[in-house]
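Take a look at the letters that make up each chain.
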Amino acid sequence: MRDRIHPSWENIIKNTTQAPYFDALTTFVEEEYKTQSCYPESDAIFAAFDLCPFNEVKVVLLGQDPYHGPGQAHGLSFSVPEGMKHPPSLVNIFKEIESDLQTPYPTSGNLERWARQGVLLLNATLTVRAHEAGSHQKQGWEAFTDDVIREISVKCTDVVFLLWGGYAKKKEKLIDSSKHLMLSSGHPSPLSANRGYWFGNKHFSQCNEYLIKSGQKPIVW
């Protein structure tokens, strides 16, 4: 199942991938991919860990599930492949960046450009059945990604965690706030954004200010 993963992550995830639950998770995912239409493609399940090496993580952007529509998910939270129509949450992310940083709205929804700058685009659940949101939840993915967040918190310093929406905010307990920055707000989905819980959070400028103060390069959002 782990076709694409940067070598720098191997020791970080070694213990969790050897845990009994991970064997059960692997069996579940492999069976789902054999018998159902699932996303992302099997070789992209761990794309976030391939494009953003562990020792280069500067920002963790946590999503919940991959997109479950055809051709959308490609292993990075909130991202879609080149040429794909931008989903509503991504539209609102780009609108906030446009407002916060005074930069033009991008044509591409492919966020690989962020990942290559040190943004770990991590979904709490890395796979999903087509057209069935949440269908692969509570099978072990959450334990795996919680372990990843803990390892980053313990072994890294000055990482920015972007926690959008109630689900992501629950991860605060895994993060040492004395050595990292946590930025929380409502989710960028239309339901939350239209109620005033998203726009104006200025997370992107705050993130870059923190990175600069800690001696790191800012992200070109």
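Residues numbered from 1 in each chain as written. Predicted model: local features only at pLDDT ≥ 70, side-chain atom pairs only at ≥ 80, totals over all residues. Heavy atoms only, no water.

Student: For this particular structure, what's the right way to read the overall build of the protein chain?
Tutor: For the protein chain, the helix and strand inventory stands at nine helices and six strands. Scaling as 2.2 N^0.38, a compact globule of 221 residues should have a C-alpha radius of gyration of about 17 Å, and the protein chain matches this with 17 Å. Expressed as lengths along the three principal axes of its C-alpha atoms, the size of the protein chain is roughly 45 × 35 × 30 Å. Within the protein chain, the fraction of its 221 residues that count as buried is 52%. Long-range contacts, defined here as pairs at least 24 residues apart, represent 65% of the contacts in the protein chain between residues at least 6 apart. Surface exposure of the protein chain reaches about 10100 Å², of which carbon and sulfur atoms provide 50%. (Helix = DSSP H or I, 4+ residues; strand = E, 2+ residues; numbered from the N terminus. Rg over C-alpha atoms; globule rule 2.2 N^0.38 Å. Buried < 20%, exposed > 50% of the residue type's maximum accessible area, 1.4 Å probe, protein only. Contact = heavy atoms within 4.5 Å. Areas by Shrake-Rupley, 256 points an atom, 1.4 Å probe, with all protein chains shown as cover.)

Student: Help me understand the packing of helix α2 (residues 20–35) against helix α6 (residues 141–155) in this model?
Tutor: Packed helix pairs are specified by the crossing angle of their axes together with the interaxial distance, meaning the distance between the axes. Following both chains from N to C, one finds α2 and α6 inclined at 125°, their axes separated by 9 Å at the closest point. Taken together, the axes of α2 and α6 are oblique relative to one another. Remark: the crossing between α2 and α6 carries left-handed chirality. On α6, the residues that touch Tyr21, Phe22, Leu25 and Val29 of α2 are Trp141, Ala143, Phe144 and Asp147. In terms of residue class, the contact of α2 with α6 is built from seven nonpolar, no polar and one charged. (Axes fitted to C-alpha atoms, helices over the stretch in contact; angles between N-to-C directions. Parallel < 35°, antiparallel > 145°, perpendicular 65-115°, else oblique. Left-handed = near helix turned anticlockwise from the far one by under 90°. Nonpolar A, V, L, I, M, F, W, Y, C, P; charged D, E, K, R; others polar.)

Student: Sorry, what's going on with the state of the cysteines here?
Tutor: Defined simply, a disulfide is a covalent bond joining two cysteines at their sulfur atoms. Counted according to the given criterion, the structure contains zero disulfides. Left unpaired, Cys52 is separated from the closest cysteine sulfur, that of Cys156, by 9.5 Å. With relative accessibility at 0%, the residue Cys52 sits in the buried group. (Disulfide = S-S within 2.5 Å.)

Student: Where do I start with the nonpolar core in this structure?
Tutor: Among soluble globular proteins, nonpolar side chains are generally buried collectively. Counting 65 residues, the largest nonpolar core has Trp9, Phe49, Ile93, Trp114, Ile152 and Trp221 as the members making the most contacts within it. Among all residues touching Trp221, those that are not within four sequence positions of it are Val59, Ile97, Leu101, Arg113, Trp114, Val119, Leu162, Phe204, Cys207 and Asn208. (Core = buried A, V, L, I, M, F, W, Y, C linked by side-chain atoms within 4.5 Å.)

Student: It is not clear to me how the environment of Glu10 should be interpreted in this structure. Could you clarify?
Tutor: With respect to the element layout, Glu10 can be found in helix α1 (residues 10–17). In the structure, Glu10 is positioned 39 residues away from Phe49 in sequence and 9.9 Å away in space, judged by C-alpha atoms.

Student: Would you mind going over the packing of α1 against α6 with me for this structure?
Tutor: At a minimum axis separation of 10 Å, α1 and α6 run at an interaxial angle of 140°. Of the possible angle classes, the one that applies to α1 and α6 is oblique. For the pair α1 and α6, the crossing hand works out as right-handed. Every residue of α6 that contacts α1 at Ile12, Ile13, Thr16 and Thr17 is listed here: Phe144, Asp147, Val148, Glu151 and Lys155.

Student: What should I look at first to understand the layout of surface pockets in this one?
Tutor: Over the atoms rolls a probe the size of a water molecule, and its path tells where empty space is left. In this structure, the largest pocket encloses a volume near 430 Å³. Those elements giving two or more residues to the lining of the largest pocket turn out to be β2 (59–63) and α7 (165–169). Ranked by the residues each element gives to the lining of the largest pocket, the list is headed by α7, at four residues. (1 Å grid on protein atoms, 1.4 Å probe; cavity = no way out; pocket = protein on both sides within 12 Å on 5 of 7 lines; lining within 4 Å. Points joined across faces, edges and corners; volume = space filled by probe spheres on them.)

Student: Help me out: how do you make sense of helix α9 (residues 203–213) in this one?
Tutor: What sets the pattern is the α-helix's 3.6 residues per turn: residues three or four places apart point alike. The set of residues buried in α9 consists of His203, Phe204, Ser205, Cys207, Asn208 and Leu211. Elements in contact with the buried residues of α9: β2, α4 (88–101), β5 (160–164) and β6 (181–185). After α9 finishes, the residue Gly215 shows a positive phi value of roughly 80°.

Student: What am I meant to see in α4 here?
Tutor: Relative to the 20 Å expected for 14 residues at 1.5 Å per residue, α4 spans 20 Å between its end C-alpha atoms, a close match to the ideal helical length. All buried positions along α4 are accounted for by Ser89, Leu90, Asn92, Ile93, Phe94, Glu96, Ile97 and Asp100. Among the structural elements, α5 (112–115), β5, α8 (190–193) and α9 are those in contact with the buried residues of α4. (Expected span 1.5 Å × (residues − 1).)

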